[in-house]
Amino acid sequence: QNDTPGLSTTALADTEFAKRHSRFSMRFSDPEFEQEFLRGYRIDAVAIFRWGVILAALLALVFTWQDASISQNGIHATNIRLYLVAPLCALTWYVLHREGVEKWVEVITTVFLLVYSVLLAAIFIVFEPTIYGISGVIAEGNFLMVMLAAFTLSCLRLGWAIFVGLGIIAIYAIAAGQWGHGDYAEFLLTHLSNIGMAFCLGALTCGMFESLRRRQFVTLSLLHGERNRYKDLLCTLVPEAIALRIE
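Presented here is a report on the structure given in the accompanying data block. Because the structure is predicted, anything quoted here is derived from the model rather than measured. (Residues numbered from 1 in each chain as written. Predicted model: local features only at pLDDT ≥ 70, side-chain atom pairs only at ≥ 80, totals over all residues. Heavy atoms only, no water.)

Brief notes about the environment of Leu84
Now for step 1: With respect to the helices, strands and loops of the structure, Leu84 is situated in helix α4 (residues 74–95).
Now for step 2: What makes Leu84 partly exposed here is its relative accessible area of 45%.
Now for step 3: Residues Leu84 and Val115, 31 residues apart in the sequence, show an inter-C-alpha distance of 9.8 Å.
Now for step 4: Excluding residues within four positions of it along the chain, Leu84 makes contact with Asn79 and Leu119. (Helix = DSSP H or I, 4+ residues; strand = E, 2+ residues; numbered from the N terminus. Buried < 20%, exposed > 50% of the residue type's maximum accessible area, 1.4 Å probe, protein only. Contact = heavy atoms within 4.5 Å.)

What follows is the structure, given as structure tokens:
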């Protein structure tokens, strides 16, 4: 039963969250409670990211038809889409359906997003020096989508998402610097700065989502505990058969 009468479930959850939360990180201070949270979190992440992989494959393959019309080397972009991006998505989707994959979901998601970013950069390098090239606005839009996906659709926790986000920025910046035909200083001040702002916004959003998920987990744990205490109290007042019918 509650030892602090007058407090709502939300207030109790906030108090419990503050007690369980580590001061210097988002993790719970109790290792067992943290692992219990992670089990549920990872199961949800696997289910959601399966759809993310399908969406990533569609976005990469749907524009295959226009590769040849954009550049005389467009066949190379098509080959990247068909023989590298498509197998990457298919393999990842398959792995995400394997039993016990939940404990590896952060690693699988991180590798997928970084490799996908490298292949995306390769496609846009093929299209240089057109507006569809790596230093153009089309490439920026695609990398923005990958960046936002890393902080939202991937369901990565904040630390993993920041690592992936920094990797995406590095891949984009290196590809444009080495193979882009535009002014690199202008690229840094425009396209890359936009990606940087998306990174900051994404990190803030990801941190808020993870904090809310942790608060929700604490609330559900409190409600589950209250339900068990109510059940035990009911069994002491009436016969067990009647208690089960009331419950």
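Details of the nonpolar core
Now for step 1: Counting 53 residues, the largest nonpolar core has Val85, Phe112, Tyr116, Ile134, Phe143, Met147 and Tyr172 as the members making the most contacts within it.
Now for step 2: At 12 residues, helix α5 (residues 105–126) tops the list of elements feeding residues into this core.
Now for step 3: Every residue in contact with Phe143, bar those within four places of it in the chain, is listed here: Ser117, Leu120, Ala121, Ile134, Ile168, Tyr172 and Ile195.
Now for step 4: Of all hydrophobic cores here, the second largest spans 7 residues; its members include Phe28, Phe37, Tyr41 and Val218. (Core = buried A, V, L, I, M, F, W, Y, C linked by side-chain atoms within 4.5 Å.)

Examining the environment of Gly159
Now for step 1: Tracing the sequence through the fold places Gly159 in helix α7 (residues 158–179).
Now for step 2: Exposure remark for Gly159: the relative accessible area of 53% places this residue in the exposed category.
Now for step 3: Note: C-alpha distance between Gly159 and Gly207 (48 residues apart in sequence) is 9.0 Å.

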